[in-house]
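The primary structure of each chain is shown beneath.
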Amino acid sequence: MRKLLILVGCWLLAGSVAAQDISACGDFDPPDEGALFYVGLGDSFSARGQFADALRAYDCSIERDPSFAEVYVSRGITYAAQLNTSAALADYNQALELNDRLLAAYNNRGLLYSQEINYNLALADFNLLLSFDPTYTQAYHNRAMIYAAEGNYDQAIVDLQQAISLNPNFAPAHEAMGAIYLALAVQSYDAAEQINGRPAQFDAADALQLVLDVSYTDDPSIWFGLQEVDQVFEAAP
């Protein structure tokens, strides 16, 4: 009988160890902490690039509360950082199944679609997000990048202007605006060369340097270097 009890005890102990190994909370499991604690722990790991630890923490949070939509967004961001786009997409989808007004999930899924050159789905996500919250600055910036990628610079500028009006200190929108103006400059120089049948006096890179010189030297006369003399003055009839 004693031998039987020992065997049963060993079996129960082995079962307990196996269950602990299966649990995502095995290495960090304070018994009184809930799902939100492990999301914060995962975010901390992820911010330091410790993605494996972050994923275990997020899995632990999901064990605690599988209906906690926000944790799927955090785990999706970590998967995306590891270039595991299919897992990231699955997590964003799951988050929206649980909460169809979770704006970060729409934003992040839209970014994922845009990286995969699936612009229609990306635009749908950003449009829906902005219908829920017209003050979501990042969504205007992200949607503008899709418009720019499609060559729709006018609409991109509208979105970037809206982002800047909402947050004048949102540097990515200013940088994107500069990039779009450079793209428009290239288009203008190409048009001038086709009309004139010869290369322009300055290409876009030269023009950019002149504009930078204006800002660095505070000398507005440099602007006149952007035009050829015969384009500024016209002979009397």
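Residues numbered from 1 in each chain as written. Predicted model: local features only at pLDDT ≥ 70, side-chain atom pairs only at ≥ 80, totals over all residues. Heavy atoms only, no water.

1. Re unusual backbone geometry
Move 1: A positive phi angle, close to 65°, is found at Leu83, a residue other than glycine.
Move 2: Within the element layout of this structure, Leu83 appears in the loop between α4 (69-81) and α5 (85-98).
Move 3: The backbone phi angle of Ile117 is positive, close to 60°, even though this residue is not glycine.
Move 4: Locating Ile117 in the fold gives a position in the loop between α6 (103-115) and α7 (119-132).
Move 5: Residue class for Ile117 comes out exposed when judged on its relative accessible area of 56%. (Helix = DSSP H or I, 4+ residues; strand = E, 2+ residues; numbered from the N terminus. Buried < 20%, exposed > 50% of the residue type's maximum accessible area, 1.4 Å probe, protein only.)

2. Structural notes on the packing of α6 against helix α8 (residues 137-149)
Move 1: At a closest axis distance of 11 Å, the pairing of α6 and α8 adopts a crossing angle of 15°. Here α6 lies roughly parallel to α8, going by the angle between them. As α6 runs across α8, the sense of the crossing is left-handed. Residues Asn107, Leu111 and Ser114 of α6 lie in contact with α8, whose contacting residues are Gln138, Ala139, Asn142 and Ile146. (Axes fitted to C-alpha atoms, helices over the stretch in contact; angles between N-to-C directions. Parallel < 35°, antiparallel > 145°, perpendicular 65-115°, else oblique. Left-handed = near helix turned anticlockwise from the far one by under 90°. Contact = heavy atoms within 4.5 Å.)

3. Description of the state of the cysteines
Move 1: The tally for this structure, following the rule as stated, stands at 1 disulfide.
Move 2: Note that Cys25 is cross-linked by a disulfide to Cys60, the S-S spacing being 1.9 Å. With the S-S bond torsion at 105°, the cross-link from Cys25 to Cys60 turns out right-handed. Placement of Cys25 in the loop between α1 (2-22) and α2 (35-47) and of Cys60 in helix α3 (residues 51-64) is noted, with a sequence separation of 35 residues between them.
Move 3: The class for Cys25 is buried, based on a relative accessible area of 0%. (Disulfide = S-S within 2.5 Å.)

4. Quick look at α8
Move 1: Relative to the 18 Å expected for 13 residues at 1.5 Å per residue, α8 spans 19 Å between its end C-alpha atoms, a close match to the ideal helical length.
Move 2: For α8, the buried fraction is high: 10 of the 13 residues fall into the buried class.
Move 3: When we look at burial in α8, the residues that qualify are Thr137, Ala139, Tyr140, His141, Asn142, Arg143, Ala144, Ile146, Tyr147 and Ala148.
Move 4: Check the buried side of α8 and you find it contacts α6, α7, α9 (153-166) and α10 (171-196). (Expected span 1.5 Å × (residues − 1).)

Everything listed is a geometric property; what it means functionally is a separate question.
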